[in-house]
Amino acid sequence: MAEVFAGADNIITSLGFTTSENIKNIKKGLTGLDISTDEALSPVPLPLSLIDQHRLVSSFEQYISTHHTGLINEDFTRLEKMFILSIHNALSKTRINIQDKRTLLILSTTKGNIDLLTPPLEKKFERKRVYLWELARVLKDHFGSPNTPMVVSNACISGVLGIIFGKRMIKAGLYDNVIVTGGDIITDFVISGFQSFQTLSPEPCKPFDKSRNGLSLGEGCGTIIFSSDPAIIGSNEEIRVLSGACSNDANHISGPSRTGEGLYIAIRNILKSSMLKPEDIDYISAHGTATDYNDEMESKALSWAKLNPVPVNSYKGCFGHTLGAAGVIESIISLYSMKQNILLRSTGFEELGVSRKINVIDKFKEKQINTCLKTASGFGGCNAAVIFSKY
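Quick caveat: nothing in here was measured; it's all calculated off a predicted structure.

It is not clear to me how the packing of aromatic side chains should be interpreted in this structure. Could you clarify?
Here the distance between the centres and the angle between the planes together describe a pair of aromatic rings. Per the counting criterion, the structure on display carries 7 aromatic pairs. Ring geometry for Phe60 against Tyr63: centres 5.8 Å apart, planes inclined by 40°, an arrangement best described as tilted. Taken together, the residues Phe60 and Tyr63, both in helix H2 (residues 53–67) and 3 residues apart, mark about one turn of the helix. We classify Phe60 as buried; its relative accessible area is 0%. We classify Tyr63 as buried; its relative accessible area is 5%. Counting every residue linked through ring pairs, the aromatic cluster contains Phe60, Tyr63 and Phe76. In this structure, Arg258 is placed above the aromatic ring of Tyr293, and the distance from its NZ or CZ to the ring centre is 3.6 Å.

This is the structure we're talking about:
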């Protein structure tokens, strides 16, 4: 069966509209989290990582004036603009034709065009535009894809799960290329949901830290292109998707298993299927939401898997929890770490605050990285894990 390689990518967050811009700002130690006093989003001030709306509009205007002169900016939602810009940017670095039947688009998101439920947007667009399948159709029609996109919406593991499904599609010979794109936006609906769980921190989140007191939300979009042929996807250094697995601990409608068994099962399964030992893993990009239960559960799962010594970080302190985009965006940054053989600091971390002794990265380091484990967990007890490996 064909190997699956990771190639060109793009990230759009509060830290930038390209992967290189985001990486540059992360290396500088910057965070995209800023205290928002917008009462339309929350009745109380909250640290949020929000996309620059003026930059989004101007970037999309420039895009359509160059590539689609017949289109109108106002005919697309905020999230659709983010997806289109991100997919276009990633595709522009490859020789892939998205209109080829052997190329599939996978869309990962948790809420899609959720802002269309609020006035005046609910009157501006058709009601059906809020459905995820309609969002997928808009992207399909815009890019002229002959295939119906696959929509993955499984809480916060959606991005990693999209990568796993993409790998399976190529390995099965159904497609030669898969474009995995993940995105979500922040609205009062999203914020109020997390506030009901009392999980939002009044200050920028601190994953795995002793003084952590909740997560921070962010919006963003990320795109990675995978192929059985690394030569056509702009891959200077061949990195493959070695293995991926998901699990569900069936513990609670929102809370993860307190023992970490669900995530451990996913990790155990991919180590076994890839024939790797714990000591073969060089770096872990964790979910790391900075909630009491998630970080504790992850530390237990990593300990169960005998991965305590492996350097681990979370990118939630850089641009918040981007929901359905998180697994894609964080995988892109992890791939950069592998290519450059560097470990990026886990922003917000100072002192270990979980019961298992895990090796949280507290400063920029150089290290040979041949394998990376990316984990994700979400509501409903879902868990996912994927291993990237240099070829």
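Text resumes after the structure shown.
I keep staring at helix H3 (residues 78–91) and nothing clicks. Help me out?
Within an α-helix, residues lying three or four positions from one another point in the same direction, as the helix has 3.6 residues per turn. Spanning 14 residues, H3 covers 20 Å between terminal C-alpha atoms, matching the ideal 20 Å at 1.5 Å per step. Taking burial as the measure, the 14 residues of H3 include 12 buried ones, the bulk of the element. Looking only at H3, the buried set comprises Arg78, Leu79, Glu80, Lys81, Met82, Phe83, Ile84, Leu85, Ser86, Ile87, Ala90 and Leu91. Considering only its buried residues, H3 is in contact with strand E1 (5–12), H2, strand E4 (103–108), helix H5 (132–143), strand E6 (177–184) and strand E8 (220–227).

What exactly am I supposed to notice about the pairing of E4 here?
Working note: regular strand, side chains alternate between the two faces of the sheet. Counted residue by residue, E4 has 6 buried out of 6 residues, so it is predominantly covered. The alternating pattern of E4 places Thr103, Leu105 and Leu107 on one face and Leu104, Ile106 and Ser108 on the opposite face, and all of these are buried. Note: E4 against E6, 6 bridges, orientation parallel. Note on E6: the bridge partner recorded for Thr103 is Asn177. By the bridge criterion, 3 bridges tie E4 to strand E5 (residues 150–152) in an arrangement that is parallel. When the bridges of E5 are listed, Ile106 appears paired with Met150.

For this particular structure, what's the right way to read the packing of helix H6 (residues 158–171) against helix H11 (residues 326–340)?
When two helices pack together, their arrangement is given by the angle between their axes and by how far apart the axes lie. Where H6 contacts H11, the two axes come as close as 5 Å, and the packing angle between them is 70°. Between H6 and H11, the interaxial angle falls into the category roughly perpendicular. From H6, Gly159, Val160 and Ile163 reach across to H11, where they touch Gly327, Val328 and Ser331.

What is the right way to read the pairing of strand E3 (residues 46–49) from this model?
Burial along E3 is two-sided: the face carrying Leu46 and Leu48 and the face carrying Pro47 and Ser49 are both buried. Inspection of the sheet shows strand E2 (residues 34–36) paired to E3 by 3 bridges, in the antiparallel sense. Within the sheet, the bridge partner assigned to Ile35 lies in E3 and is Pro47. As paired elements, E3 and strand E7 (residues 217–218) share 2 bridges and run parallel to each other. Paired with Leu48 across the strands is Leu217, a residue of E7.

I'm lost on the side chain of Arg240 in this one. Help?
One can find Arg240 in strand E9 (residues 239–248). Assessed through its relative accessible area of 19%, Arg240 is described here as buried. If sequence neighbours within four positions are ignored, Arg240 has contacts with Glu3, Val4, Phe5, Ile387, Phe388, Ser389, Lys390 and Tyr391.

Mind showing me how you'd approach H5 here?
End to end, H5 covers 17 Å across 12 residues, agreeing with the expected 16 Å (1.5 Å per residue, within 8%). Those residues of H5 lying buried are Leu132, Glu134, Leu135, Ala136, Val138, Leu139, His142 and Phe143. Those residues of H5 that are buried lie in contact with H2, H3, E4 and E5. A positive phi of about 75° marks Gly144, the residue just after H5.

Sorry, what's going on with the sheet that holds strand E10 (residues 283–285) here?
On the basis of which strands lie adjacent, the open sheet formed by 11 strands has the order E5-E4-E6-E8-E1-E9-E16-E15-E10-E11-E13 and mixed pairing. At either margin of the open sheet sits one strand with a lone partner, and together these are E5 and strand E13 (359–360). Note that strand E15 (residues 371–378) and strand E16 (residues 382–390) share 8 bridges and pair antiparallel. Residue pairing across strands places Cys372 opposite Phe388, the latter belonging to E16. Against the sheet, H3 makes contact with E1, E4, E6 and E8, and its axis sits at roughly 35° relative to E8, the strand it touches most. Contacts between helix H9 (residues 292–304) and the sheet are confined to E10, strand E11 (311–313), E15 and E16, with E15 contributing the most and set at about 140° to the helix.

Conventions adopted
- Residues numbered from 1 in each chain as written.
- Predicted model: local features only at pLDDT ≥ 70, side-chain atom pairs only at ≥ 80, totals over all residues.
- Heavy atoms only, no water.
- Phe/Tyr/Trp six-rings, centres within 6.5 Å; stacked < 30°, edge-to-face > 60°.
- Helix = DSSP H or I, 4+ residues; strand = E, 2+ residues; numbered from the N terminus.
- Buried < 20%, exposed > 50% of the residue type's maximum accessible area, 1.4 Å probe, protein only.
- Lys NZ or Arg CZ within 6 Å of the ring centre and 35° of its normal.
- Expected span 1.5 Å × (residues − 1).
- Contact = heavy atoms within 4.5 Å.
- Pairing = 2+ DSSP bridges.
- Axes fitted to C-alpha atoms, helices over the stretch in contact; angles between N-to-C directions.
- Parallel < 35°, antiparallel > 145°, perpendicular 65-115°, else oblique.

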